[in-house]
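Residues per chain, in single letters:
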Amino acid sequence: MPQGGVLSPLLWDVVVDSLLRRLNEAGFYTIGYADDLVILLTGRHEEVLCSLMQTALSVVEKWCTEHALSAHLCYGVVVWWPRVRQKNETKRIGHLQRLICLAITGAMRSTPTAAIEVALCIPPLDMFVEEAALEAAIRLRAAGQWNMKGRAARHTRILTEASERMPLLNLGTDRAPAKYVFEKPYSIMLTSEEQSTKPDICIYTDGSKNNTGSGSGIYSEDLLAELAKENVDELAWVKGHDGNPGNEEADKLARFGSERPTSGPTPNVALATTTFRAMIKQDTLCKHTARCKKTEGCMQSKAAMAKPCMKRAKYCLDLSRDKLRRLIGIWTGHCRLNQHLQKMGAVDDPTCRGCLEDDESARHVLCYCPALASTRGSMLGDFWSSMASIGSTPPGKILKFIDTVGWLEE
């Protein structure tokens, strides 16, 4: 729907009507506007409101999936992405990221944002913006709409800088602009039977792929002699591997091509769009990991979570908010243990309630407390653990351990 179009408000109302009905029938007070909608919730308890709003957003997400729609949080990012490199803007969107991370996890407000980002494998917002801008630039280049002639604009350096880190980005993609041909000068005939009349020109094509490579074959006895004389007005499809001499010859050429070693620089074919997307995400992950290592402090978090891990993040995001809060707390040390509560001024004595020998910190509970040695041995596999071993322990075991201990319950 074009923005500013005469019919756009009406078309928007037609499209969004089912979503408005679904939300209101689910008990969420929803108001629709000419090009937007708002969900209103009221209440006294923040956690209850957050839970209700998440349920409403899940309804919206499901509706979008059913209608092949997605939310564009970075609309037009390919133009405005340089702004996120400004110190003030980085700080501002970092504050927004912090609010989101705290809302997702329910962690204590003293929990470092960087620690939550590592636990959930969420890149800093400025990195996410640059990742989205780079993907958009590659899409525009594939569509022939990325102009690098003349004086380059400031935002166009996103592709130049990324290509220096990832030279494969300079290769072409398998994405091609859509071309609509409404009047074709030929017809396609699908048949498995032998033709009653022999066509003027016969061209056979086939492809082959094995463990060493892939190849294609084109075979024709009279292509060069006849193609220059007459136009092709009909294409015929024949059943493969059915004894057709021409098709068998094309198949043999394809197998021969797939077995031959490649020549020239590799890869010598256009890369899939998904390959480019995976490379960009891996690049963002590497930059995220490097920034985490440079971040000052967060010693407990760095020991428990050495780097962002997608497998760990998927497990965490499947947990309830209450369980995720406890898991983030024990990983970061920002939880309801006496040492941290004493720093916050909530208690006077930081001594461990189990052994009464040392401060009750997350490291002490996970590794050293003698009162919990038996529980650690049976549930974590080691009576006297180290933070290095805790970092490689599955999150499910750690969560089960702290739930059994019960010291992080409110």
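Computed from a prediction, not measured in an experiment: that's the story for all the values here.

Asker: Any chance you could explain the pairing of strand S2 (residues 37-40) here in plain terms?
Answerer: Residues in a regular strand point their side chains to alternate faces of the sheet. Bridge count between strand S1 (residues 29-32) and S2: four bridges; the pairing is antiparallel. Counterpart to Gly-32 in the pairing with S2 is Leu-37. Counting the residues between successive antiparallel strands, the hairpin from S1 to S2 contains four residues.

Asker: Quick question: what am I supposed to make of the packing of helix H13 (residues 321-332) against helix H18 (residues 395-405) here?
Answerer: Helix packing geometry: the angle between the two helix axes and the distance between the axes. Put simply, H13 and H18 touch, their axes get as near as 10 Å, and they point 95° apart. Comparing the axis directions of H13 and H18 gives the class roughly perpendicular. When H13 is examined against H18, the residues Lys-323, Arg-326, Leu-327, Ile-330 and Trp-331 are found in contact with a partner set consisting of Pro-395, Ile-398, Leu-399, Ile-402 and Asp-403. Its residues assigned to classes, the contact of H13 with H18 comprises seven nonpolar, no polar and three charged.

Asker: Honestly, helix H5 (residues 113-120) in this entry has me stumped. Any pointers?
Answerer: Helical geometry note: an α-helix holds 3.6 residues per turn, so side chains three or four residues apart project in the same direction. By the criterion of burial, H5 is predominantly enclosed, with seven of the eight residues buried. Within H5, burial applies to Thr-113, Ala-115, Ile-116, Glu-117, Val-118, Ala-119 and Leu-120. Against helix H4 (87-105), helix H10 (273-294), helix H11 (299-304), helix H12 (310-317) and H13 lie the buried residues of H5.

Asker: I keep staring at the nonpolar core and nothing clicks. Help me out?
Answerer: Soluble globular proteins tend to pack their nonpolar side chains together in the buried interior. With 38 residues, the main nonpolar core has Leu-327, Ile-330, Trp-331, Leu-337 and Phe-401 as its most contacted residues. Those elements giving two or more residues to this core turn out to be H4, H5, H13, helix H15 (362-368), helix H17 (387-391) and H18. If we skip the residues at most four places from it in the chain, Ile-330 touches Gln-300, Cys-335, Leu-337, Ala-362, Leu-366, Ile-398, Ile-402 and Leu-408. Formed by 24 residues, the second largest nonpolar core is a distinct cluster that contains Leu-134, Ala-136, Trp-146 and Leu-271.

Definitions and limits used
- Residues numbered from 1 in each chain as written.
- Predicted model: local features only at pLDDT ≥ 70, side-chain atom pairs only at ≥ 80, totals over all residues.
- Heavy atoms only, no water.
- Pairing = 2+ DSSP bridges.
- Helix = DSSP H or I, 4+ residues; strand = E, 2+ residues; numbered from the N terminus.
- Axes fitted to C-alpha atoms, helices over the stretch in contact; angles between N-to-C directions.
- Parallel < 35°, antiparallel > 145°, perpendicular 65-115°, else oblique.
- Contact = heavy atoms within 4.5 Å.
- Nonpolar A, V, L, I, M, F, W, Y, C, P; charged D, E, K, R; others polar.
- Buried < 20%, exposed > 50% of the residue type's maximum accessible area, 1.4 Å probe, protein only.
- Core = buried A, V, L, I, M, F, W, Y, C linked by side-chain atoms within 4.5 Å.

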